[in-house]
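Structure assessment
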Amino acid sequence: MKTVMRGVALAAATALALAACASAPDEGSTSSSTDTAGASETQTAEPIDYTACIVSDAGGFDDKSFNQLSFEGTKKAAADLNANFKSVQSDSETDFQPNLEAMVGVGCNTIVSVGFALSAATVESALANPDLEYVLVDDAADNDFNGEKDAPNIKPLLYDTAQAAFLVGYLSAGYSQTGKVGTFGGQPYPTVTIFMDGFKQGVDYYNKVKGTSVAVVGWDGKDGSFTGGFEANDTAKATATNIIGQGVDVLLPVGGPIYQSARDAIADSGKDIALIGVDADVYNTDPSVQDILLTSIMKNMDVSCYDTIMAAGEGSFDPTAYVGTLENGGVGMAPLHNFESKVDPGLVAEVDQLKQDIIDGTVPVTSYLNQ
Amino acid sequence: MSHTAPQSEDKAETTVAEDNRWRDAMTRIVSGSWLVSLGAVVLAVLAGSIMIIVTDPGVQAASQYFFSRPGDTFAAMGTAVGGAYYALFIGAVWDFRATDFAGGIRPLTQSLTMATPLIMAGLGVALGFRAGLFNIGGRGQMLAAAAGAGWIGFGLDMPWPWHMLLAMLVGILAGALWAGIAGLLKALTGAHEVIVTIMLNYVAFYLISYLLATPGLLQAPGSSNPKTPPMKSTAIMPDLLGSQYNLHLGFVFALLAVAFVWWLLNRSAMGFAFRAVGENPAAARVAGIDVPKNTVYVMLIAGALVGLAGVTQVLGTVTTGFSSDIDAGIGFDAITVALLGGSQPVGVLFAAILFGAFKAGGSLMQAAEGVPIEIVLVVQSLIVLFIAAPPLVRAVFRLPQPGAKPKKRPKRSARRKEVAA
């Protein structure tokens, strides 16, 4: 045991020696530092008796995609409300139900569960706890496919990203010099293919209006190129290289971090190829791609989670399904940033007009959410 | 060294296969004593405490003024570690917050539910260890079994219990066949089972992914998500303690599996052949045991046991439909469980319950104390690390080192004579 104690002491001493010389705070205020994290930012508002909670799917909260964005939105709302915030990561689908149960057990008022994978477990938990409020990101909570959600106290957050992808597809078709644009996805989930399909519809619309024949590589409207997972690995890079090899000069990778593999493949090719980000404005979240990033297709899960939790914390939770569109700002096209000077201003004006046309419904965009 | 000296019982594990140091090392790792297992758990939990302390924001805040008021830092450390392990306990064993017995016992039933697949998969891996085979293919075998059982479970209309039993049978057969491929390849061509089983994991994963993404196969009709429909109620394993607990009939099957493997290894001729092959294949062959045939049999039975774990996942634990990570890493955790249990059926049972408790308590540790789930995974990994290094554990806890310094002097002198001769 001596060895162990020595080890403990050594580890503690090393950690402490780094920054152990500050002066102690006043007695009494020290207890606050041991409180749960989350509401730790400086606020003046009184703490309220409300707990916002979030359960991830197997991707974890650092997936640079929907788990992360939902986590950030929920955490920020809890901080602004000065409410408690708790989070649990799931490692696999057997964790969903115990994790939701644990959240019920620690007194959560609103539980955000992220992803279609949690749908069944969330419905089960919501039916068992009708007093609690549930938010399900990216799924309609309709597991019997009757067109209605399966529990009254779940608010589904859905995103018609095809609308934003349509704009980006139009922009890419106009930007492309080679007449070929490319896309590939992680796995053929509806939440992935909706990007690729909207992108292709935008390109097709450009061709129809301008009489051009810009081709989309990697998605034909029904099937396309997929890496088989959501990891930035060799498979993703090979897929990107393969599509680049077909002569595209705009590339849209859809699925968490796989855009990083596309970035590497673009660097290896030595060609002037523009990258398109998804989910967040990747210009801000990953500075390493700023020089090659044309724009991003934004799916503002952070904003909608934030708004939902703010409403719930103030006692006005509305369980009606939310569908993010261009009109309500739930989805959108990011600014061009460094590409501002490389894109014809006329094209940008056309995209702005197109956005208005989609909102007005004069240009139809189809996706699984409006079929 | 071929003759057996009077101290053979003391040196049993060191005299096996002296010509093969790797086999010797493996034998020692997979059949460690329970004291080493306990020591490894204690060391891993201590190491986990250090990680909790280092990552806790309260400790970090207090440590900044450590030299002005060290008490705060130690208090924060105590709060962090105590809170974390307290949450682990009430999440895994007994819920002190509950007002009645039914609520208090709930976490324990949850731990047993989590342990159920680990028991069966751990037995499958342990059986392989005893026969000298490293079955790393638990993931593939579970996925194959889950696909088989799930396909029967949602696809057919039959009365209970026949529906459930048929689904179980199909799942078990699928798991057995998946492992049997590795056994057959080893028996016929000498292909190493580690490589083959790992590769079969990938084959199973991508096969399941394909089946889940293809309408008309495993994918739920009407959906385009890669997920199956829910199981029919006639195929579901009933809850053992009523609907407020998750513990299901699978746990009983797990206990039966423990009894079966104990009988197989300790009382049956087939089990004797397995162990003989595991301890020394050359000697087993000389003694008239058909080594290739037994290799196939071991893998078939091991695959059936791991397959049963996959079956209970889809018919008991997650009955609302599954996707391609239904194995939940149990195929790999089972290796740890088998090591921790010393490859003994009863040891595996207790090791699996411990791991089930880690899993069940891990949720609450995150939810209540904000301790990252990675800490629990680190503790589990450290257990394996310490078990793989028994001399380290023995040194820390002053346990006798086998073979190195026998304490009884008469044996020591006998040993010297033998070496001199």
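The residue numbers shown here count from 1 along each chain, following its written sequence. Working convention: letters from A go to chains and numbers from 1 go to ligands, in the order in which they are written. Local features in this predicted model are restricted to residues of pLDDT 70 or higher, and side-chain atom pairs are both shown and tallied only at a pLDDT of 80 or more, whereas totals for entire chains, interfaces and linings draw on every residue.

Looking now at the overall build of chain B. Think of it this way: any DSSP run of H or I at least four residues long counts as a helix, any run of E at least two long counts as a strand, and we number them from the N terminus. Across its full length, chain B holds 19 helices and zero strands. Three exposure classes are used, based on other C-beta atoms lying within 10 Å of a residue's own C-beta, which is placed from the backbone: buried for 20 or more, exposed for 12 or fewer, and partly exposed in between. Put simply, chain B has 421 residues, and 51% of those count as buried.

All names here are of chain A. Along strand β10 (residues 293-299), seven of the seven residues are buried, which leaves the element largely enclosed by surrounding structure. Bridging between strand β9 (residues 274-279) and β10 involves five bridges; their strand directions are parallel. Residue pairing for β10: Gly-277 is matched across the bridge by Ser-296. Here β10 pairs with strand β12 (residues 331-333) via three bridges, running antiparallel. Pairing between strands is defined by DSSP: at least two bridges between them are needed.

Each pair of packed helices gets described by two things: the angle between the helix axes and the distance between those axes. All names here are of chain B. Helix axes are fitted to C-alpha atoms over the stretch in contact, other axes to C-alpha atoms as well, and angles between N-to-C directions run from 0 to 180 degrees. At their nearest, the axes of helix α8 (residues 138-155) and helix α10 (residues 193-213) sit 7 Å apart, and the two run at 30 degrees to each other. The pairing of α8 with α10 is recorded here as roughly parallel in orientation. Between α8 and α10 the crossing geometry is left-handed. Note on element contacts: α10 touches α8 through Thr-197, Leu-200, Asn-201, Val-203, Ala-204, Phe-205, Ile-208 and Leu-211, opposite Arg-139, Gly-140, Leu-143, Ala-144 and Ala-147. For this classification, the nonpolar set comprises Ala, Val, Leu, Ile, Met, Phe, Trp, Tyr, Cys and Pro, the charged set comprises Asp, Glu, Lys and Arg, and every other residue, Gly included, is treated as polar. Split into classes, the residues belonging to the contact of α8 with α10 amount to nine nonpolar, three polar and one charged. Here the angle decides the label: under 35 degrees means roughly parallel, over 145 means roughly antiparallel, 65 to 115 means roughly perpendicular, and every other value means oblique. Crossing handedness: left-handed means the near helix sits turned counterclockwise from the far one by under a right angle, and right-handed means the same turn made clockwise. We call two residues in contact when the distance between their C-beta atoms, placed using the backbone, is within 7 Å.

Scored by pLDDT, chain A has a mean of 86; 88% of the residues are at 70 or more. pLDDT measures the predictor's confidence residue by residue and takes values from 0 up to 100. Predicted confidence is poor over residues 28-43 of chain A, with pLDDT under 50, and the contacts of this stretch with residues over four places away or in other chains come to 26 contacts.

Moving on: the nonpolar core. Leu-251 of chain A together with Ile-119 of chain B are the most contacted members of the largest nonpolar core, which totals 231 residues. With 14 residues, the single largest contributor to this core is helix α16 (residues 345-369) of chain B. Sequence-distant contacts of Leu-251 of chain A, that is, excluding residues within four places in its chain, are made with Gly-182, Ala-240, Ile-243, Ile-244, Ala-262, Ile-266, Ile-273, Leu-275 and Ile-276 of chain A. A set of buried residues drawn from Ala, Val, Leu, Ile, Met, Phe, Trp, Tyr and Cys, joined through C-beta atoms within 7 Å, is what defines a nonpolar core.

Before going further, it helps to spend a moment on the environment of Leu-188 of chain B. Take Leu-188 of chain B: it is sitting in helix α9 (residues 162-189). Remark: the alpha-carbon pair of Leu-188 of chain B and Thr-99 of chain B, spanning 89 residues in sequence, is separated by 61 Å.

Residues and elements named next belong to chain B. Inspection of helix α12 (residues 269-279) places Gly-271, Ala-273, Phe-274, Val-277 and Gly-278 among the buried residues, and these make up the whole buried set. Along the axis of α12, the buried residues cluster in a sector spanning 160 degrees; they form a single face. Structurally, α12 contributes buried residues whose contacts are with α7 (106-130), α11 (250-267), α13 (281-286) and α14 (291-317). Starting at the helix axis, one direction is taken to each C-beta atom, and the arc is that of these directions.

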